[in-house]
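# Structure at a glance
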Amino acid sequence: MALIRTLFWTTIFLASTFAFTVLFEHGPTDFAQNAKKEADVLRAMVTAKPVRKKDDSDKLPPTTR
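Our subject in this report is the structure included herewith.

Rules and cut-offs
- Residues numbered from 1 in each chain as written.
- Predicted model: local features only at pLDDT ≥ 70, side-chain atom pairs only at ≥ 80, totals over all residues.
- Heavy atoms only, no water.
- Patch = residues over 30% accessible without salt bridge, like charges linked within 9 Å, V, L, I, M, F, W, Y side chains within 5 Å.
- Areas by Shrake-Rupley, 256 points an atom, 1.4 Å probe, with all protein chains shown as cover.
- Salt bridge = Lys/Arg side-chain N within 4 Å of Asp/Glu carboxyl O.
- Helix = DSSP H or I, 4+ residues; strand = E, 2+ residues; numbered from the N terminus.
- Buried < 20%, exposed > 50% of the residue type's maximum accessible area, 1.4 Å probe, protein only.

### Section: a nonpolar patch on the surface
A surface patch of nonpolar side chains, amounting to about 410 Å² of accessible area, comprises Val41, Leu42, Met45 and Val46. Note that Val41 resides in helix α2 (residues 31-47). Take Val41: its relative accessible area is 42%, and that puts it in the partly exposed class.

Shown next, in the form of structure tokens:
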């Protein structure tokens, strides 16, 4: 029973956080459309593949004496 209660409260917390984010960023007008936009952004963040950039910043330039 404790597992069900924990899952319930976690779900409520995540839904409330999502609703707050939509309201904070887009305002209360057209909540359904803005929630869909925000869900698409969240889905893109979750399913995005990490980008590996070649980082040459930690290489020292050749020294000349």
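### A look at the environment of Ala19
Tracing the backbone shows Ala19 in helix α1 (residues 2-26). Residue Ala19 is classed as partly exposed on the basis of its relative accessible area, which comes to 24%. Separated by 15 residues in sequence, Ala19 and Asn34 place their C-alpha atoms 10.0 Å apart.

Honestly, that's just the spatial picture; any functional story needs more than this.
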